[in-house]
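Listed here are the chains, written in short residue letters.
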Amino acid sequence: MADKKSWILGMLALSLLLAGLIQAAPTAALPADGPARIETDRPLVALTFDDGPRRSTTTDLLDGLAQRGVKGTFFLVGEMIPGNEDLVRRMDEEGHQIGTHSYDHVYLTGLNAADFSRQVSRTETLLQDILGHGGFALRPPYGMIDNGVEKRTGSPLILWSVDPEDWDDKNTDRIVEHIVAQVRDGDVILLHDIYPTSVEAALRVVDELHRQGYLFVTVEELAHQRHAELKPGETYRCFYP
């Protein structure tokens, strides 16, 4: 009888131990403070695109990024969104980060509160209505920031560290060469998805940097990997190790 009692107690203890281990197992849910961390020792870079969406070029870019398993960050102009809602939803569904780039691409510096709201809040509202969520970083047009922009925005301000000025000569070869020569781990690359030459350059850059071992992530993911908290009104250009 004593042996049987000991066996029962032992099995009970084992059951409690197993239950504790099961409860302690990690879940697959995303952490509350940002995207899931990526276990990698590869260099990281964020591709960002301004001034879209544009039906032809943005569609080609999304197709090319999907084929390569790459996510980017799109800073959208509000007046370009109507009629392109499906593209915005596709960006979100395919894991790209979406941010705002004003409503009609004007300088945000020097604006009063009402005009700033028209440019930024109006664009945020459009995106919220389409996607059903908020949380959009802001890239001020031309990268221009003043105290008013910092105080009025409720979002992080995302600039860049590599700029090939793809809008200038629209020379695909030069754009690719500039980025590949300048890029380093933690950079934020600026491009525009409204030019066919920039779309081609972006995909060629992805292919070349993949060969060099780079991993492409969104700005939010890059910040999270580098333990950087994105704060409203603060400016971020890169996230070096």
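Here is what the cut-offs are and how they apply
- Residues numbered from 1 in each chain as written.
- Predicted model: local features only at pLDDT ≥ 70, side-chain atom pairs only at ≥ 80, totals over all residues.
- Heavy atoms only, no water.
- Helix = DSSP H or I, 4+ residues; strand = E, 2+ residues; numbered from the N terminus.
- Expected span 1.5 Å × (residues − 1).
- Buried < 20%, exposed > 50% of the residue type's maximum accessible area, 1.4 Å probe, protein only.
- Arc of directions from axis to C-beta.
- Contact = heavy atoms within 4.5 Å.
- Salt bridge = Lys/Arg side-chain N within 4 Å of Asp/Glu carboxyl O.
- Phe/Tyr/Trp six-rings, centres within 6.5 Å; stacked < 30°, edge-to-face > 60°.
- Lys NZ or Arg CZ within 6 Å of the ring centre and 35° of its normal.

## Some words on helix α2 (residues 55-68)
For α2, with 14 residues, the first-to-last C-alpha span of 20 Å sits near the 20 Å given by 1.5 Å per residue. All of the buried residues along α2 are T57, T58, L61, L62, G64 and L65. Down the axis of α2, the smallest arc covering the buried residues is 165°, so these residues share one side. As for α2, its buried residues are in contact with β1 (44-50), β2 (73-76), α3 (85-93) and α8 (196-211).

## Brief notes about α8
An ideal rise of 1.5 Å per residue puts 22 Å on 16 residues; α8 measures up with 23 Å between its terminal C-alpha atoms. Buried residues along α8 sit against β1, α2, α7 (172-182), β5 (188-192) and β6 (215-216). Trailing α8 by a residue or two, G213 shows a phi angle of about 100°, which is positive.

## Topic: the pattern of salt bridges
All told, the structure shown has 12 salt bridges when counted by the stated rule. Note that D50 is salt-bridged to R139, the shortest N-O span being 2.9 Å. A residue pair is termed long-range when its members are at least 10 positions apart, and D50 in strand β1 and R139 in the loop between α5 (121-131) and α6 (147-152) qualify at 89 residues. With respect to class, D50 is no different from R139; both count as buried. Note that R90 and D63 form a salt bridge whose closest N and O atoms lie 2.8 Å from each other. Taken as a pair, R90 in helix α3 and D63 in helix α2 lie far apart in primary sequence, 27 residues in all. Exposure remark for D63: the relative accessible area of 30% places this residue in the partly exposed category. Several salt bridges share partner residues, and in doing so they unite D63, R90 and E94 into one network.

## Remarks on the packing of aromatic side chains
Per the counting criterion, the structure on display carries three aromatic pairs. With a centroid separation of 6.0 Å and an interplanar angle of 15°, the aromatic rings of Y236 and F239 are classed as stacked. Per residue, the accessibility class of Y236 equals that of F239, and both read buried. Just above the ring of Y195 sits the side chain of K170; from NZ or CZ to the centre is 4.8 Å.

Bear in mind that shape data such as this cannot, by itself, settle questions of function.
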